[in-house]
Amino acid sequence: MSTELVPLEWSDLDRRAVDVVRALAMDAVEKAGSGHPGTAMSLAPAAYLLFQRTMRHDPTDPTWAGRDRFVLSCGHSSLTLYIQLFLSGYGLTLHDLKSLRQWDSLTPGHPEHGHTLGVETTTGPLGQGIGNAVGMAMAARRERGLFDPDAEPGESPFDHHIWCIASDGDIEEGISHEVSALAGHQRLGNLTVIYDSNQISIEDDTRIALSEDVAKRYEAYGWHVVDVDWRAGDEYHEDVPELHRALEEARAETGRPTLIRLHTVIGWPAPNKKGTGKIHGSALGAAEVAATKQVLGMDPDKSFDVPQDVLDHARTVVERGRSARAAWDKVYAGWREANPERAAEFDRIGARRLPEGWTKALPSFEAGASLATRKASGEVLSALAPVLPELWGGSADLAESNNTTMKGEPSFIPEELQTKEFPGNKYGRTLHFGIREHGMGSILNGIALHGGTRPYGGTFLVFSDYMRPAVRLAALMKLPVTYVWTHDSIGLGEDGPTHQPIEHLWALRAIPGLDVVRPADANETAAAWQVVLEHTDRPAALALTRQNLPVYEGTGDAAKVAKGGYVLVEASGGRPQVILIGTGSEVHLAVEAREALEAAGVPTRVVSMPCVEWFRAQEPAYRQQVLPPSVRARVAVEAGIAMGWHEFVGEDGEVLSLEHFGASAPYKTLFEQFGLTAERVVAAANASLARSGADKGETTGN
């Protein structure tokens, strides 16, 4: 929606409100005994300006679809956000500010999405917020393309802006390069990053570690860069009108993302600690707080003092927000009336509901066939494309290997940058992250946080290491992001140990809230996709093979797969003496070993366990049905470290695993040389039978 540029009105009440922000930042950290007051103090004018004049938001409805988004990438300065939420009327109280960093408070040390109204994303690990903001900007463009692609620029209810505040620390983190380069390449004109260049970090002056020209760096990415220098001249001058002009200039720049480099003095105007590392991450101390309040013309004996006229003035943003919302509602209602089918789809996707009958589109694969699970996953994605328009994604330059490209779907790319191999447009569906795994992870989080679509992203499983910080945050925020991680074991063969994941599966299973799914065959892959998409409150990782695997009967039942572990092949007579637990590409080894054990007269059950997390979540009765406590002879087989499998095999069980790095050779050679064979599974089963006392041996006489 178009908006007229209105000259800034900045009254004495606004100036006083900014000083109240500084005082509240000092008081909150002083009371907590820890925290980061300095940035919240010096950014007080910028944050207040954003929330009071620049952003389109309605404090009475923090989830309004038409709102601008705000990301505080420097999450350590959480008070920068909390105080604005308090002043703007989002529901935070003075009591909440007094409870900063305390048990069960709404003001934890770093902002947490889903915990406090108005917090768009969890930040703290530096640089992640910039990536989230880039993802939100990409999601906003894709959403517009889905629901209102033909509207004139600025006239759609899906036009809104993403605002981000970042620090020197965010800029130093390598992830900022990955996501900022991609944002420039994508020409995300709906994104503005305010870079607080105060040249201070915990180790004091950043000159000891930071010397590049950040503005030129961002110009090289293709960003629009504006410099606002409050430090220029003989005296420090917080030129709010100049910053306002820069923000409006950024909003008007629709062809490029904008970086506003704002030069500030951290902790302004503390007389002794401003501009030092001492005010970055610790309380000022009572004497410095009092001295600063005197500089501000405040009573040094008062804490958490918010004059009623200042609060009333700040809360007028509620009426401005409701007015903007009312104008948006008219445009939105007109859009709904003109586009009833799109409106219904928008409602469905917004509620994270899947369409009726969508599972009918899932492919099935003939038992007895042989297919890599990565290829099966690719066929699932292509089959789902017509029925799940919200689903989109791509790869970190490994699309052909990851099979993440939906057949026939255009790339998400400015038209002038499309290629012969990947034609597309700005509203396309296939994402190209480049070789930026870490950045991909944070962008996927931003897409999920924005709403309106559902993302997936792919790379090799071994490179999940590069993504781990973002994956952890996805789990923390309970975001429905799907990772398509292929080449899941030494089965990738000739690329060798640098590309062969050994410890990764259990390292990822150690992340609370992340579902790690390793399908046994093509049909189990399709079923796994179904279960993953039916979960809307957590991320999931699909660990898929490069090598072909046999397709079995009974693996395509999503109800069974959803339980995480199920009986794939029952023991003769239904009463097993030994249980073989397989996952992923090793299930077929368990099936082959069962044949040998059954031929030797040992009733053997094969359990496929594609997802440990789903299995653990089942009722004890079901888990005991699959793994009866009375059957103590068990073997788990997986081409990775054993670590967590002991939980399932017990003290008499065996784990056939890999406790060292791989090697470069054809995959069949590697499995044979490293002892991952059906014969070794049989030997392990016999060892477990002997240990459990089930192997009684034979009478041989005296």
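Our structure is the block above this text.
Described in the following lines is the structure provided in the data block. This structure is a prediction, so every number in the text was calculated from the model and none was measured.

**A short note on the overall build of the protein chain**
Here's step 1: A count of helical and extended segments in the protein chain gives 27 helices and 22 strands.
Here's step 2: Within the protein chain, buried positions represent 59% of all 702 residues.
Here's step 3: The contacts in the protein chain between residues at least 6 apart in sequence include a share of 76% that link residues at least 24 apart.
Here's step 4: With an accessible surface of roughly 27,300 Å², the protein chain has 49% of that area assigned to carbon and sulfur atoms.

**Quick look at the state of the cysteines**
Here's step 1: Under the counting rule described, the total for this entry stands at zero disulfides.
Here's step 2: Note on Cys 74: no disulfide assigned, nearest cysteine sulfur contributed by Cys 164 at a separation of 7.8 Å.
Here's step 3: A relative accessible area of 0% places Cys 74 in the buried class.
Here's step 4: Given a relative accessible area of 1%, Cys 164 falls into the buried group.

**A few points about the layout of surface pockets**
Here's step 1: Counted as a void, the second largest pocket has a volume near 930 Å³.
Here's step 2: Here the lining of the second largest pocket takes four residues from helix H14 (residues 340-350), the largest share from any one element.
Here's step 3: Looking at side-chain class alone, the lining of the second largest pocket contains 17 nonpolar, 13 polar and 11 charged residues.

**Some points on the packing of helix H8 (residues 174-186) against helix H9 (residues 214-221)**
Here's step 1: Following both chains from N to C, one finds H8 and H9 inclined at 45°, their axes separated by 8 Å at the closest point. Viewed along their axes, H8 and H9 adopt a mutual orientation that is oblique. Within the contact between the two elements, H8 uses Ser 176, His 177, Ser 180, Ala 181, Gly 184 and His 185 and H9 uses Arg 217, Tyr 218 and Tyr 221.
Here's step 2: A class-by-class count of the residues in the contact of H8 with H9 yields three nonpolar, five polar and one charged.

**Overview of the sheet that holds strand E3 (residues 191-197)**
Pairing between the strands of a sheet is mediated by backbone hydrogen bonds and can be parallel or antiparallel.
Here's step 1: Reading across the sheet, the five strands line up as E1-E2-E3-E7-E6 and stay open at both edges, with parallel pairing between neighbours. Each end of this open sheet is capped by a strand with a single partner; those strands are strand E1 (69-72) and strand E6 (224-229). Strand-to-strand twist across the sheet, computed as the mean angle between neighbouring axes with direction ignored, equals 15°.
Here's step 2: With six bridges connecting them, E6 and strand E7 (residues 258-263) associate as parallel partners. Paired with Val 228 across the strands is Leu 262, a residue of E7.
Here's step 3: Its contacts with the sheet place helix H6 (residues 128-147) against E1, strand E2 (162-167) and E3, and it is angled at close to 165° to E2.

**Focus on unusual backbone geometry**
A negative phi angle characterises most non-glycine residues, just as the trans form characterises most peptide bonds.
Here's step 1: A cis geometry characterises the amide bond from Trp 268 onward to Pro 269, with omega recorded as 5°.
Here's step 2: Considering the arrangement of structural elements, one finds Pro 269 in the loop between E7 and helix H11 (286-295).
Here's step 3: Of note in the backbone geometry, Asn 403 takes a positive phi value of approximately 55° without being a glycine.
Here's step 4: Mapping Asn 403 onto the fold places it in the loop between helix H16 (399-402) and strand E10 (411-412).
Here's step 5: On the basis of relative accessible area, Asn 403 is assigned to the partly exposed category, the value being 23%.

**A word on the sheet that holds strand E18 (residues 566-569)**
Here's step 1: An order of E18-E20-E19-E21-E22 is seen for the five strands of this open sheet, with the pairing classed as mixed. Of all strands in the sheet, those bounded by a partner on one side alone are E18 and strand E22 (654-656). Mean inter-strand twist for the sheet, computed between neighbouring axes without regard to direction, equals 30°.
Here's step 2: Summarising the sheet, strand E19 (residues 578-582) and strand E21 (residues 634-637) pair through four bridges and their orientation is parallel.

**What to know about empty space enclosed by the protein**
Space left empty within the atom packing is revealed by a probe, the size of a water molecule, rolled over the atoms.
Here's step 1: Overall, the coordinates contain three cavities of 30 Å³ or more when judged by the stated rule.
Here's step 2: Taken as a whole, the largest cavity spans an internal volume of roughly 110 Å³.
Here's step 3: Lining the largest cavity, in full, are Phe 51, Met 55, His 57, Asp 58, Asp 61, Pro 62, Arg 67, Asp 68, Phe 70, Tyr 90, Gly 118 and Glu 120.
Here's step 4: Considering only residue class, the lining of the largest cavity consists of five nonpolar, two polar and five charged.

**A few points about the environment of Thr 555**
Here's step 1: Relative to the helices and strands, Thr 555 resides in the loop between strand E17 (548-550) and helix H21 (558-561).
Here's step 2: Placed 13 residues apart in sequence, Thr 555 and Leu 568 show a C-alpha to C-alpha distance of 7.2 Å.
Here's step 3: Setting aside chain neighbours within four positions, we find Thr 555 in contact with Asp 521, Asn 523, Glu 524, Ala 527, Val 561, Tyr 566 and Leu 568.
Here's step 4: Of the polar contacts made by the side chain of Thr 555, one reaches the backbone oxygen of Tyr 552; its length is 3.3 Å.

**Describing the side chain of Asp 27**
Here's step 1: Structurally, Asp 27 can be placed in helix H1 (residues 12-32).
Here's step 2: Of the polar contacts made by the side chain of Asp 27, one reaches the side chain of Lys 293; its length is 2.8 Å.
Here's step 3: Those residues in contact with Asp 27, other than ones at most four positions away along the chain, are Val 289, Lys 293, Lys 302, Ser 303 and Phe 304.

**Topic: the pairing of strand E16 (residues 540-543)**
Here's step 1: The alternating pattern of E16 places Ala 540 and Leu 542 on one face and Ala 541 and Ala 543 on the opposite face, and all of these are buried.
Here's step 2: In the sheet, strand E14 (residues 482-486) pairs with E16 via four bridges, with the strands oriented parallel. Of the residues in E16, the one forming a bridge with Thr 482 is Ala 540.

**What about a negative patch on the surface?**
Here's step 1: Residues Glu 592, Glu 595, Glu 672 and Glu 679 make up a contiguous surface patch of negative charge.
Here's step 2: By secondary structure assignment, the location of Glu 672 is in helix H26 (residues 667-673).
Here's step 3: According to the relative accessible area criterion, Glu 672 is exposed, its value standing at 55%.

**A word on the pattern of salt bridges**
Between side chains of opposite charge, pairing is possible as soon as their charged atoms come close.
Here's step 1: The full count for this structure, using the stated rule, is 35 salt bridges.
Here's step 2: When the shortest N-O distance is used, the salt bridge between Glu 248 and Arg 251 registers 3.2 Å. Of the two residues, Glu 248 and Arg 251 are both situated in helix H10 (residues 240-252); the distance of three residues between them amounts to about one turn of the helix.
Here's step 3: For Glu 248, a relative accessible area of 11% puts it in the buried group.
Here's step 4: Overall, Arg 251 belongs to the partly exposed group, its relative accessible area being 23%.
Here's step 5: In this structure, Arg 348 engages Glu 390 in a salt bridge whose closest nitrogen and oxygen atoms are separated by 2.9 Å. Separated by 42 residues along the polypeptide, Arg 348 in helix H14 and Glu 390 in the loop between helix H15 (373-384) and strand E9 (391-395) bring together distant segments of the chain. For the pair Arg 348 and Glu 390, a shared accessibility class is recorded, and that class is buried.
Here's step 6: In this structure, a network of salt bridges that share partners links the residues Asp 12, Arg 15, Asp 19, Arg 22 and Glu 238.

What counts and how
- Residues numbered from 1 in each chain as written.
- Predicted model: local features only at pLDDT ≥ 70, side-chain atom pairs only at ≥ 80, totals over all residues.
- Heavy atoms only, no water.
- Helix = DSSP H or I, 4+ residues; strand = E, 2+ residues; numbered from the N terminus.
- Buried < 20%, exposed > 50% of the residue type's maximum accessible area, 1.4 Å probe, protein only.
- Contact = heavy atoms within 4.5 Å.
- Areas by Shrake-Rupley, 256 points an atom, 1.4 Å probe, with all protein chains shown as cover.
- Disulfide = S-S within 2.5 Å.
- 1 Å grid on protein atoms, 1.4 Å probe; cavity = no way out; pocket = protein on both sides within 12 Å on 5 of 7 lines; lining within 4 Å.
- Points joined across faces, edges and corners; volume = space filled by probe spheres on them.
- Nonpolar A, V, L, I, M, F, W, Y, C, P; charged D, E, K, R; others polar.
- Axes fitted to C-alpha atoms, helices over the stretch in contact; angles between N-to-C directions.
- Parallel < 35°, antiparallel > 145°, perpendicular 65-115°, else oblique.
- Pairing = 2+ DSSP bridges.
- Polar contact = N/O pair within 3.5 Å; in protein donor to acceptor, adjacent residues only side chain to side chain.
- Patch = residues over 30% accessible without salt bridge, like charges linked within 9 Å, V, L, I, M, F, W, Y side chains within 5 Å.
- Salt bridge = Lys/Arg side-chain N within 4 Å of Asp/Glu carboxyl O.
- Lys, Arg positive; Asp, Glu negative; His and termini not counted.
- Charge placed at Lys NZ, Arg CZ, Asp CG, Glu CD.

Interpretation note: all reported values are geometric properties and have no functional meaning in isolation.
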